[in-house]
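Structure at a glance
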Protein chains: 4
Amino acid sequence: MQFVIKNGTIVSATEMYQADVAVADGKIVAIGKDLSLEGYDVVDAAGKLVLPGALDVHTHLAMPFGGTISSDDYFAGTRAAACGGTTTVFDFILQDFDEKMVDAVKRRDALCAPDAAVDYAFHVGVKDVSGDLLDSMEEAVEFGVPTFKVFMVYDFGVSDGVFYKVLQKSKEIGARISVHAENNEMVNMLVEKYISEGKTSAWYHYMSRPEFVEKEADERAISWAKELNAPLYIVHLANKGGVEAVTKAKDEGYEIYAETCPQYLHFTNEVYKREDGRNFVCSPPMKGQESQDAIWDAIIRGDIDTVATDHCPFQSYEKDWGKDDFRKIPNGCAGVENMYPYMLSMANKGKISFQKAVELCSENPARLFGCKDKGSLSVGKDADIVIYDKDKEFTISVDNMHSDCDHTIWEGAELKGYPVQTYSKGRLVFDNGEFLGERGWGKFVKRSLK
Amino acid sequence: MQFVIKNGTIVSATEMYQADVAVADGKIVAIGKDLSLEGYDVVDAAGKLVLPGALDVHTHLAMPFGGTISSDDYFAGTRAAACGGTTTVFDFILQDFDEKMVDAVKRRDALCAPDAAVDYAFHVGVKDVSGDLLDSMEEAVEFGVPTFKVFMVYDFGVSDGVFYKVLQKSKEIGARISVHAENNEMVNMLVEKYISEGKTSAWYHYMSRPEFVEKEADERAISWAKELNAPLYIVHLANKGGVEAVTKAKDEGYEIYAETCPQYLHFTNEVYKREDGRNFVCSPPMKGQESQDAIWDAIIRGDIDTVATDHCPFQSYEKDWGKDDFRKIPNGCAGVENMYPYMLSMANKGKISFQKAVELCSENPARLFGCKDKGSLSVGKDADIVIYDKDKEFTISVDNMHSDCDHTIWEGAELKGYPVQTYSKGRLVFDNGEFLGERGWGKFVKRSLK
Amino acid sequence: MQFVIKNGTIVSATEMYQADVAVADGKIVAIGKDLSLEGYDVVDAAGKLVLPGALDVHTHLAMPFGGTISSDDYFAGTRAAACGGTTTVFDFILQDFDEKMVDAVKRRDALCAPDAAVDYAFHVGVKDVSGDLLDSMEEAVEFGVPTFKVFMVYDFGVSDGVFYKVLQKSKEIGARISVHAENNEMVNMLVEKYISEGKTSAWYHYMSRPEFVEKEADERAISWAKELNAPLYIVHLANKGGVEAVTKAKDEGYEIYAETCPQYLHFTNEVYKREDGRNFVCSPPMKGQESQDAIWDAIIRGDIDTVATDHCPFQSYEKDWGKDDFRKIPNGCAGVENMYPYMLSMANKGKISFQKAVELCSENPARLFGCKDKGSLSVGKDADIVIYDKDKEFTISVDNMHSDCDHTIWEGAELKGYPVQTYSKGRLVFDNGEFLGERGWGKFVKRSLK
Amino acid sequence: MQFVIKNGTIVSATEMYQADVAVADGKIVAIGKDLSLEGYDVVDAAGKLVLPGALDVHTHLAMPFGGTISSDDYFAGTRAAACGGTTTVFDFILQDFDEKMVDAVKRRDALCAPDAAVDYAFHVGVKDVSGDLLDSMEEAVEFGVPTFKVFMVYDFGVSDGVFYKVLQKSKEIGARISVHAENNEMVNMLVEKYISEGKTSAWYHYMSRPEFVEKEADERAISWAKELNAPLYIVHLANKGGVEAVTKAKDEGYEIYAETCPQYLHFTNEVYKREDGRNFVCSPPMKGQESQDAIWDAIIRGDIDTVATDHCPFQSYEKDWGKDDFRKIPNGCAGVENMYPYMLSMANKGKISFQKAVELCSENPARLFGCKDKGSLSVGKDADIVIYDKDKEFTISVDNMHSDCDHTIWEGAELKGYPVQTYSKGRLVFDNGEFLGERGWGKFVKRSLK
């Protein structure tokens, strides 16, 4: 199938300009003024923006957590992604004990491959580096999964010593580590304290993981990376002190990257005082206004590299388990469908430029994570394209979302502008609110950081 | 004239990819895979890089200084630019006393327009803001010259009070100030001191303007900009302390930009110990290794925004005036032909990426200085194109340069790779060492920072 | 004359303890428990604090300024000092053009010696370093005046180049430079601006010398000192940014000292909105609350070294000259009688410790300025002693002050505690509100920084 | 017994001056010029310095560690102290599980009281805060032990959560926490790594606890203290990054104190390459030259508050257990007898002033730890006095030391100047190399931080 998107305004990480985009065989084949190509269908994008599809480098699909499984499976999650202009989804695989890294990848790929509606990639969450397992990272890199994650919290989190060894290994083999940074011992103490005081509401989820708990872990993680001069990527950065630590490390020349999420840019910890506060429970939790402001400032000056979602929805009945005990609330919220529309809306409202939105959601994730065929509308890249209507008013509601989840924390949020079409490798997968894709269309993206 | 450059690798500030570039009527009209366009000539760029032409935002052509005039007039300077892959040249006009800013522009444009071989733009160097002259900045902005410069040194330099007023005005009218930052009183004292001690060699040019003299002025200039929250652009940054001040200001969210020059990246103050040290005399002078390293580090982490040349050549006999008295050496060196080849060579040698070289020499200057049709090879932009041969070995010599100057400080420098063709608005102006352009081809670039 | 002060509580820079103090021949001869010394009178200080007299290292007595002369001559100024517990007064001498430093000292010493009621010392304000005058600093050092001052403002201020040379010389000869740091060109521009806008009230004195004008000069002064690794003492530091620059320099190991004044600790720029705002006009002016807080914080953490007064009173009729034009207000306020009572009152109210007040007003000034017989009540030191009643309530009024000035900016200020006796070298010079000293009792203090 | 020390030069934290010191009933009763007191013996100190005895706030006497007990019991340790001019010794008590804090104090006081040759005090090392044990800190404070310690390493170390709770409690009850800061998980990982690689020499003790392992823990500890705005005292600070973190926290106004030890000032990690490297094994280990330089710089600028020893000697045969496995080397070295002589020698050699040595070893420890009768030679204080001969050459050797230990890491160290007499509360306990004290002379010092 061949077609040309005419009359739109192309947006890249650095530019906006009017030109037509021609697509053939799932690839972008030409960009030009008034392209008239024989045998090409014409899609009129007059008055619209033509954007590269987003990459959400942080989702948890069908993930076991807190006694249940996140509600979006690989089909539902990638369907929602497509409907939000995200054309590549990264899932976190949690390694089993005694499991080689590449085996973990293969185990989950077997689940994902038949279901994915858009292209997908994996990171491996490292739990066990005993015996040969540390060395087994290298096979995963060769398989096309050069990014790993360590958790400093949760029962499957790793000690500082293991974190350090994993960092060291990653540097040797051309991989890179992502880190979920919160101080585990501090969280445990605070949880126990509040519970023992009978303080069980969602607000105490926040109080158990406040700013300083995340900040300290950010600083510690950066310490190890500096010592090894190893690259490090901090996921879902949500606090001011952590932002400062990232800026300082970048100034010193270290390869420290930071990701934040739309929920930290839009909500503050005030949400935990709402009656439905438990629905907003994720870790790290939303923080105070000062942290939100600091993150936006860092975006503007270039010290936040990417935006991703930590997409991990749970049904209301599951969230309700923790109505009277915040410990029992499964951690996580939906987001994959909201990221690009939210960031583009913030551009449309003037907070940032459209180019910056594309940089954070598409160009940078593609480049940093080694998706060489993604991240821009340059000739030769995959035709992962979003057509965006700047004038469309859109109010988010569970009714117009495409996750398998019965609520959304974004309910009622008013966006200025919205994606009207999404193409995945040249195939129309979303059109004016309707999902048009199919299971299995998405393929595994083999990546390399070199 | 219509043609297509085929089989090359396009480089932008963010990407490198293989595609063909089609040019018609001096504009880029299409980029595509295997473009076959009727009526288009074919230029084969197989194995070559295809780059946007550079913008040199800092030159002094035919400039009166030290009792003479810089040796490149508007023709020679733009000819040299074309031969070095630079397709837009910014000249500094020095306002006369009692002269309205726009009148200064018109005065020099009359000289430049008949001669320019590539497109050109102006900044106005502000000397006199008495009476209505401060307000006269606005007319210049409307005329398409929204950038002004203040000198903190020289007899035509301005006081801190005037600097502050100019900054304040620039913020009101959507202009931006550039600053030459050295401490005038300190320079004067040191010059007097060394002369009184009989220390007259070129080394004492450096000793009269060492690191701390520039650093302090950088810090002071940034102070005023912070106080007013006005954007500020520091030209030819050449010292470590100044780099640190820029980084700090950027971290704090201020709109402070920094330019450096190839001479500070390649040479150190050691050159002033050479017998021909006077040929290297420019202000600020080259500094020590520590400063050079700090500037490269800042380039890599993104705290230097642009590279430009401060091109201002003088003939040997003029330089010789200061053989026995460094005060009598006209300040300035040739550079406009060397910038892009040098930076690309440093990319080719692995110090930075080709994208970074393009960002520093083309994309950033175009964006920061409001040249909306320059800075990349995107569809719709001017066809200012450089074809670059990565494998060509090139040794700089006065014999293969195109300035009207009888020597070059770059004599003997060995570059890896070199431009083989330059197109200015679709016209071939440089081909394999030979200038093919013509006087008057270059046009005034009307700019706006909005 | 011999006497013992019994039953009081001695305060030093580090301690408070109960002991008797014996004085003979103007010196402290013993400190002990229940001293019973034959032939010694007894002074009962039960319930009182026994303190070393203060040193005010910053006064301007009988100083020509703004077309008049500061109203306290050497007698009045030292009388006021005695009545405020200050037993050593430093006066700034302004060098004449073409005058050797030591000649300036002798010139003023001739005026001061017959009149001084307490011991005194001099700094020389440097104006002219042409010819041999720079070298003439050394004679002054040998004479016992090892401290010099440069002004960055006023028509008698010096250029950066001269400042640098003076700093360099001071380092060679064991002297130390003090600096009045404000940016002269910025002050001039702002003054001209406000006057041209018809803004002539005392508030525009502040607006012409706001925080950033002082901060920049602090930073610049520190730059020169760092470059030379020369000690530097910043007088009357009154702004937050300057405090930060001092702290940074100290952290880096540079010998940078800072003095502040009681007026900056007690008043803010709000005073300039008062009808009698002109009476508060001094330079630098009082700043905003944020600066005041920053100075107190620096006192508490140890980054302010001394408190002094910049005592320089003018009569109301002189202040009135500037009623309609702030430029015509003579700069300066009375303070020498208020410093120690104010700082001790702040200790008594709990803001700082009594030890800290003694450190700032006595121990540090004595040590930093080479008054080896001053600064504490240790055996062998001059018997410059203050007996302080913590329970005495005191409201400052022009009626209970001892300057030759018809008003005081401290009018109405309520102090908790007040000095009840002052001894100068064993002689009672102040007793319960009454001056008991005499002209000529005070002697020149020959100092050395070694 | 009454006596007067005549003709010496008294040194305090701020001054040096000639005066006589009279002692009666174990207290200093007078300081004066030419004191002639009836019934007082005369001690001639002509040409000597007369100093307050030092306080060593960090020793481990008779401490169980690594399967043995530190070799100095309360008698030997305090005997050695007396012979090194240290007249107050603080011992760390390690709380037992399920033991109230005050019970731990009483348990060890029962051991110490009969044996101590000089005054002593305790800190409690906190292990167990379960149940009421956290609250039991308050009783210890009332008993006169207001200082506690947490270990971030060792099997008896505490988690971050417990550390935080202890800090919080300390703030409520007027206590203060000391911390041994190293990262436990990192140490464990590195130890395991080196052992598994067959790297077992003393050098790998250092390699398992290098700079960054201590630095990170310093930063983390300071994080908790800042969050709570609670005072914190870092023991045996031995690395550059930690020094920087302390300086930053002090600048920000936090009450963070730092102690270092003579071994970190004199030795570097080079000692671990020596054949007897195991004798130098202590934790934290000596670090590189850069750290040593940073600590000296911090001493000079005032960012190190105290010097103490971490005295904890083991016999050679015990050290030998780890000849082939650094894990088996008991951690600790002798030092209590070396601190004051070493620091005074460094003053005598010109590195610091004698006042600074007194401040670090006596005045500051006394003030910070609430020993109101110690820390200076002021009237009313305990007559803990050291007479110091600046001209005495002294080479440290196990033969002239007074510990119960068969070697010393200081063997061969050449000191300039040495204590010749020590008085403990007016009693001569050390005279020219000979211990003259007795068991039980030392008493428990009841302390309060208020």
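Note that the structure is a prediction, hence the values are computed from the model and not measured.

Core analysis: the biggest nonpolar cluster contains 252 residues, and F163(A) and F163(D) have the highest contact counts within it. Residues in contact with F163(A), not counting those within four places in the same chain, are V150(A), M152(A), V158(A), I177(A), V179(A), A221(A), W224(A) and L232(A). Judged by nonpolar contacts, the second largest core, of 238 residues, contains F75(B), A258(B), I295(B) and L134(C).

Take the relation of the copies chain B and chain A next. Least-squares fitting of chain B to chain A yields an RMSD of 0.0 Å, with the superposition described by an axial translation of 0.0 Å and a rotation of 180°. The superposition operator between the copies reduces to a two-fold rotation axis. The rotation axis passes nearest to the C-alpha of I31(B) in chain B, at a distance of 2.6 Å. Residue by residue, 100% of the interface of chain B is reproduced at the interface of chain A, so both copies engage with the same surface.

Superposition of chain D onto chain A requires a rotation of 180° combined with a translation of 0.0 Å along the rotation axis, giving an RMSD of 0.0 Å. In this assembly, 100% of the residues forming the interface of chain D have copies in chain A that are likewise at the interface, indicating an isologous arrangement.

With that settled, consider the domain arrangement of chain A. All names here are of chain A. As far as domains go, chain A holds domain 1 (2–51 + 383–435) and domain 2 (59–368). Taking the mean C-alpha position of each, domain 1 and domain 2 sit 27 Å from one another. Interface of domain 1 and domain 2: buried area, both sides summed, is about 3,400 Å²; carbon and sulfur atoms make up 61% of it. A per-residue breakdown of the area domain 1 buries against domain 2 is headed by D404, I409 and W410, which together make up 22% of the total. On inspection of domain 1 and its partner domain 2, the count reaches 2 salt bridges. We note a salt bridge from D119 to K425, for which the minimum N-O separation is 2.7 Å. Taken together, the connections running from domain 1 to domain 2 amount to 16 residue pairs in polar contact (both at pLDDT 80 or more). Within the residue set of the side of domain 1 that touches domain 2, elements represented by two or more residues are β7 (49–52), β18 (385–395), β19 (414–424) and β20 (427–431). With 9 residues, the top contributor of residues to the side of domain 1 that touches domain 2 is β19. Across the side of domain 1 that touches domain 2, the residue classes break down as 20 nonpolar, 9 polar and 8 charged.

Turning our eyes to something else, we now look at the pairing of strand β16 (residues 256–260) of chain D. Residues and elements named next belong to chain D. Of all the 5 residues making up β16, 5 are buried; the element is thus mostly covered by neighbouring parts of the structure. Residues I256, A258 and T260 of β16 are buried on one face, and the alternating residues Y257 and E259, pointing to the opposite face, are buried as well. Handedness of the strand β15 (residues 232–234)-helix α8 (residues 240–251)-β16 crossover: right-handed.

This part takes up the interface of chain B and chain A. Chain B puts 22 residues into the contact, and the matching count from chain A is 22 residues. Counting each side, the surface lost to burial between chain B and chain A is near 1,600 Å², with a carbon and sulfur contribution of 53%. The largest contributions to the chain B side of the interface with chain A come from E15(B), D251(B) and V379(B), which together make up 32% of the buried area. Summed over the shared surface of chain B and chain A, the result is 2 salt bridges.

Cut-offs applied
Residues numbered from 1 in each chain as written. Chains lettered and ligands numbered in written order. Predicted model: local features only at pLDDT ≥ 70, side-chain atom pairs only at ≥ 80, totals over all residues. Heavy atoms only, no water. Core = buried A, V, L, I, M, F, W, Y, C linked by side-chain atoms within 4.5 Å. Buried < 20%, exposed > 50% of the residue type's maximum accessible area, 1.4 Å probe, protein only. Contact = heavy atoms within 4.5 Å. Least-squares fit on C-alpha atoms with pLDDT ≥ 70 in both. Domains from an automatic or database assignment. Buried area = accessible area lost by both parts, 1.4 Å probe. Salt bridge = Lys/Arg side-chain N within 4 Å of Asp/Glu carboxyl O. Polar contact = N/O pair within 3.5 Å; in protein donor to acceptor, adjacent residues only side chain to side chain. Helix = DSSP H or I, 4+ residues; strand = E, 2+ residues; numbered from the N terminus. Nonpolar A, V, L, I, M, F, W, Y, C, P; charged D, E, K, R; others polar. Right-handed = clockwise from strand over helix to strand, strands pointing away.

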